[in-house]
Protein chains: 2
Amino acid sequence: MSEAISINPIKLVAVAGGTHGNEMSGVTLVRHWLRDSTELVRETFTAVPLLANPKATEKCMRYYEKDLNRCFTMDILFSSESEDEPYEVKRAREINRVFGPRGSLNAYDLILDLHNTTCNMGVCLIISGTHKHLELHACHYIQTHLPNFNPQIYVYTEHGSELYDLPSVGKAGISFELGPQPQGVIRGDILQNMKKLVKSTLDFINQLNQAIEIPAFQVDVFQRVGHVQFPLSPDGEISAVVHPSLQDKDYSILHPGDPAFLSLDNKIIPYTGEQPIYPVFINEAAYYEKNIAFIVTKKIQVSVPPLSSTKGKSAL
Amino acid sequence: MSEAISINPIKLVAVAGGTHGNEMSGVTLVRHWLRDSTELVRETFTAVPLLANPKATEKCMRYYEKDLNRCFTMDILFSSESEDEPYEVKRAREINRVFGPRGSLNAYDLILDLHNTTCNMGVCLIISGTHKHLELHACHYIQTHLPNFNPQIYVYTEHGSELYDLPSVGKAGISFELGPQPQGVIRGDILQNMKKLVKSTLDFINQLNQAIEIPAFQVDVFQRVGHVQFPLSPDGEISAVVHPSLQDKDYSILHPGDPAFLSLDNKIIPYTGEQPIYPVFINEAAYYEKNIAFIVTKKIQVSVPPLSSTKGKSAL
C-alpha cells in the first residue's frame, strides 16, 4: 500500500477555451460562461473562464502567428518582451502572469483547457506525466462517473521532458480533447459532453476539498513515445494518406506489418516499427503542417496512491 | 414519351480541385493528376486536371480573399480588371478565359469540380438546374453504377437565377460534394470514393460519345429553396447550436415543430417553417461566417428525356 498524498485545498480554478481558436466546444462554452458563469460555481473554490487566444478565436484559426499551446516553455515565459515577437508569445507571458507564474505559490491550483480534435479520439483526458496524482485522480473520477464516455488518459510528455502547454502554468492541469469534430464547427453532442466533463471535474474538486480521502487505484494510460510522418514525394508533398483500415482506430493496437498508409497510386504501405504501438491523433488536421500522420503511444499501467485534502493543514 | 435530346460529342473535360483550398480530396487528386494524369485518359475525349485556387490551396484555406466559387457571375467575368480587386476575382476571369468563356462555343464541354463538406452529406452531386439533361444523365449513371454510395442530387439554384460557381464556365458542369470530412484532412475512404466518382463520370462520357442512346428516367432531386440561420445573441454571437437530433440528418425530412437548435442554456428551439423541408449542409464549417445553420430544400421528381450523342452531326 502506498502512502496517501495530501494536498492543500483547491482554491482557484481556470477553465480555458480557445487556446486553439478553431476548436469550437471550448470557444463556445467559455464565451457562454463569460456572459453567465453559473455553471462554474461551487462552494469550496472559485472557477473562472479564460478565452485563451482571443485573436485566433476571432479569426476562427488555430493560431494567429504561432501555436499558443506550444508557447508555455521556460524560455518564453521568463524571457523579456521584444517588440517584433509573435502575438502568442506575448499572450503566453500574459496568461502566465495572471494564472501563474508557473511553479510559484501564486499559480492557479488547477487549469482545465478545452480542446477538440478532428480525430476519432472520443473523450481524451490529457495530462503531462504519470506522477501527476491530482490529475490522475480527477481523470479516474471522470472515468467512474461518466463511463458512457469511455474516457482515455493520454500522457503527452515523458517525465522530465519540457512542458509547453497552457495547463502547465497552473499547479495542476488537464486538457480535455474531444472528437471527432471538424475545425470551425460546433457539434451539439460534443458541446454537451464537454460541459459534462467540466461539471464532473468541478464536482470532484469540490468533494476533494471536503477532505474526503480518495482511495488508491490502478489505471491504464497512453504514454506518448513519438510520432509517424506522412510519406512525402521528392517535392515535399504528401504521397500517401492514412490507410482506411487505420483511420478512426485511435487507441487500437497497430502491429508491425499492418497497413499504415495508402499511396496515391493505391499501394499499401505497412507500419515498419519493431514493436506493436497504440496510435492516437490519427489524421489530425492541425498536424498536417508538420506532416505528422499520427502520434505513437505505449499503453502502460499506473498505480496511483490515495489522495486527500489537508483542508487548511499544510501540504506534504 | 419525350423526344430524345441529341448533343454534340464531348471533346474537352476539366476536372477541378482546390476551388476551396482546404477541401482536400480534390486538392490531393488534382495534384496527383498534374504529376500523372493516366487515370483521366479516355479514347473519345481529353480530360485535364485544374488546380483552381492555387493560393488558397497553398495556405490550406477555403479562399485567400474571396470565395472563388461565388465569383463566376456575369458581372465579374465580363468586367474589366482593376488593380486592387481580390485575387479570386482575377482568378475567376483567368479560368473563364481558359475553360470558357461561359456561353461561348469555345467553352469546355464539361467541368467537374471536386468538393468536400464537413456535413454528413455522403456523396452529393450538385447541378445548377433541373433542365440540365446531360448532367442529370451523368448523375443517374453514377447512381446506377455506384449504388453503394447512395448518391443524392442537389440543385443549387432555381431555374433562371444567376449562376456563380466554377462549373458554370463550361457548357455543362457538376460538382461532387463528399462528406463528412474536416477541412484540411485527407480521409483515405473519401479520397477513394472521389476517384471512383470521377472514373464513373468519365466512363459515362466515353459511352455517350459512342452515340449510344440513353433512355429516359425519373429521378428525385433536392431543390434549394432557402436557408436557416443560427439564432444569435444581441451581440451577434451564436446563441444556439444545431440540435443533436438534427445533426447528421442531411436529406431527412424536418417537420415544423421538430427540434432545430439547442440554446447554450439547454432550451430546445423548434423549426418554425410552415411546411416540412429537407435540410442539407447541416452545420457546414464554411457557412458559419454567414451564420447559416443549414440549407432548406424541397424534394422533387424530375422527368429526364432520352439522351444521345450526334457523333459529329449538328446538335439540336
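Criteria and cut-off values
Residue positions are given per chain, counting from 1 as you read along its sequence in written order. For naming, the first written chain is A and the first written ligand is 1, with later ones following in the order written. Selection of residues for local features in this predicted model requires a pLDDT of at least 70, selection of side-chain atom pairs for listing and counting requires 80 or more, and totals for whole chains, interfaces and linings are taken over all residues. In this description a helix means any DSSP run of H or I spanning at least four residues, a strand means any run of E spanning at least two, and both kinds are numbered starting from the N terminus. Within these notes, the globule rule equals 2.2 Å times the number of residues to the 0.38 power, and the radius of gyration is based on C-alpha atoms. Counting other C-beta atoms within 10 Å of each residue's C-beta, where C-beta atoms are placed from the backbone, gives the exposure class: buried for 20 or more, exposed for 12 or fewer, partly exposed between. Contact between two residues is assigned when their C-beta atoms, built from the backbone, lie within 7 Å. Put simply, a nonpolar core is buried Ala, Val, Leu, Ile, Met, Phe, Trp, Tyr and Cys residues tied into one set by C-beta atoms within 7 Å. Either an automatic procedure or a domain database provided the assignment from which the domain bounds are taken. Axes, fitted as lines to C-alpha atoms, cover a helix only where it is in contact. Angles between the N-to-C directions of the axes lie from 0 to 180 degrees. For a crossing to be left-handed, the near helix must be turned anticlockwise from the far one by less than a right angle; the clockwise case is right-handed. Throughout this entry, Asp, Glu, Lys and Arg are counted as charged residues, while Ala, Val, Leu, Ile, Met, Phe, Trp, Tyr, Cys and Pro are counted as nonpolar. The remaining residues, Gly among them, count as polar. Multiplying 1.5 Å by the residue count of a helix minus one yields the expected span of that helix. All copies are superposed by least squares; the fitting set is the C-alpha atoms of residues with a pLDDT of at least 70 in both. Following DSSP output, two strands are said to pair if at least two bridges run between them. Residue-level confidence of the predictor is summarised by pLDDT, bounded by 0 at the bottom and 100 at the top.

On to the overall build of chain A, then. Within chain A, the secondary structure is distributed over six helices and 14 strands. Scaling as 2.2 N^0.38, a compact globule of 316 residues should have a C-alpha radius of gyration of about 20 Å, and chain A matches this with 20 Å. Structurally, chain A occupies a C-alpha span of about 65 × 50 × 40 Å along its principal axes. Within chain A, the fraction of its 316 residues that count as buried is 49%. Long-range contacts, defined here as pairs at least 24 residues apart, represent 73% of the contacts in chain A between residues at least 6 apart.

Residues and elements named next belong to chain A. Among the nonpolar cores identified, the biggest contains 184 residues, and V15 and A16 are the most heavily contacted of them. Two domains each provide a minimum of three residues to this core, namely domain 1 (5-220 + 303-309) and domain 2 (230-291). Setting aside chain neighbours within four positions, we find V15 in contact with V30, L40, A47, P49, L50, L112, L114 and V198.

Residues and elements named next belong to chain A. Running from N to C, helix α1 (residues 24-35) and helix α6 (residues 188-209) cross one another at 65°; their axes reach a closest spacing of 10 Å. Judged by the sense of rotation from one axis to the other, the crossing of α1 with α6 is right-handed. Listed contacts from α6 to S25, T28 and L29 of α1 are I190, L191, M194 and K195. Looking at the contact of α1 with α6 residue by residue, the class counts come to four nonpolar, two polar and one charged.

Taken residue by residue, the interface counts 23 residues in chain A and 23 residues in chain B. The element that contributes the greatest number of residues to the side of chain A that touches chain B is α6 of chain A, accounting for three residues. Among the residues making up the side of chain A that touches chain B, the classes are represented as 11 nonpolar, eight polar and four charged.

For helix α5 (residues 133-145) of chain A, which comprises 13 residues, the first-to-last C-alpha distance of 18 Å matches the rise-based estimate of 18 Å (1.5 Å per residue) to within 8%. Within the span of α5 of chain A, buried status applies to L134, E135, L136, H137, A138, C139, H140 and I142 of chain A.

Before going further, it helps to examine the relation of the copies chain A and chain B. At an RMSD of 0.0 Å, chain A and chain B line up after a rotation of 180° and a shift of 0.0 Å along the axis. Look at the turn and shift together and you get a two-fold axis relating the two. Across chain A, the smallest distance between a C-alpha and the rotation axis is recorded for P182 of chain A, namely 2.3 Å.

With that out of the way, let us pick up unusual backbone geometry. Residues and elements named next belong to chain A. The residue after G179, namely P180, is reached through a cis peptide bond having omega 5°. At F281, a residue that is not glycine, the phi angle is positive and equals roughly 50°. Mapped onto the fold, F281 is located in the loop between β12 (278-280) and β13 (292-304). Phi is positive for N283, close to 70°, though the residue is something other than glycine. Within the secondary structure, N283 is located in the loop between β12 and β13. A residue is classified by how many C-beta atoms lie within 10 Å of it, and N283, with 27 of them, is buried.

Let's shift gears to the environment of D36 of chain A. Relative to the elements of secondary structure, D36 of chain A occurs in the loop between α1 and β3 (46-51). Through-space distance from the C-alpha of D36 of chain A to that of P49 of chain A is 10.0 Å; in sequence the pair is 13 residues apart.

With that out of the way, let us pick up the sheet that holds strand β10 (residues 259-263) of chain A. All names here are of chain A. The three strands lie next to each other as β9-β10-β11, forming an open sheet whose pairing is antiparallel. If you trace the sheet from one side to the other, it starts and ends with β9 (240-242) and β11 (268-270), each paired once. Averaged over all adjacent pairs, the angle separating strand axes in this sheet is 35°, with direction ignored. Two elements, β9 and β10, share three bridges in a ladder whose sense is antiparallel. By the bridge assignment for β10, V242 is matched with F261.

Before going further, it helps to spend a moment on the pairing of strand β2 (residues 12-17) of chain B. Within a regular beta strand, the side chains point alternately toward one face of the sheet and then the other, so they alternate between its two faces. Residue and element names in this part refer to chain B. Counting buried positions over the six residues of β2 gives five, a clear majority of the element. Examined bridge by bridge, β2 and strand β4 (residues 110-116) share five bridges and lie parallel to one another. Bridged to A14 within β4 is I111.

Right, let's get into the environment of Q275 of chain B. Residue placement: Q275 of chain B occurs in the loop between β11 (268-270) and β12 (278-280). For the pair formed by Q275 of chain B and L254 of chain B, sequence separation is 21 residues and the distance between their alpha carbons is 8.8 Å.

Residues and elements named next belong to chain B. Two strands pair when backbone bridges link them, and strand β6 (residues 152-155) and strand β8 (residues 217-229) are joined in this way by two bridges, in the parallel orientation. For Y154, the partnering residue across the bridge sits in β8 and is F222. Of the pairings in the sheet, the one linking β8 to strand β13 (residues 292-304) comprises 12 bridges and is antiparallel in character. Directly across from H227, in β13, lies its bridge partner I295.

The next point concerns the confidence of the model for chain A. All names here are of chain A. Model confidence for chain A is summarised by a mean pLDDT of 95, while 97% of its residues fall at 70 or above. When the criterion is pLDDT under 50, residues 312-316 qualifies, and its contacts beyond four places in sequence or with other chains add up to seven contacts. Interface confidence for the predicted complex, given as ipTM, is 0.94, next to a pTM of 0.95.

A few words on the domain arrangement of chain A. Interface size is commonly expressed as the accessible surface area that is lost when the partners come together. Residue and element names in this part refer to chain A. Domain assignment breaks chain A into domain 1 (5-220 + 303-309) and domain 2 (230-291). Taken over C-alpha atoms, the centre of domain 1 sits 29 Å from the centre of domain 2. Taken residue by residue, the interface counts nine residues in domain 1 and 10 residues in domain 2. A class-by-class count of the residues in the side of domain 1 that touches domain 2 yields three nonpolar, five polar and one charged.

As a further point, take the sheet that holds strand β8 (residues 217-229) of chain A. Residue and element names in this part refer to chain A. Strand order in the open sheet formed by nine strands is β3-β2-β4-β7-β5-β6-β8-β13-β12, and the pairing between neighbours is mixed. Each end of this open sheet is capped by a strand with a single partner; those strands are β3 and β12. Along the sheet, successive strands turn relative to each other by an average axial angle of 30°, direction set aside. Looking at chain direction, β12 and β13 are connected through three bridges and run antiparallel. Across the sheet, V280 pairs through a bridge with I295, a residue of β13.

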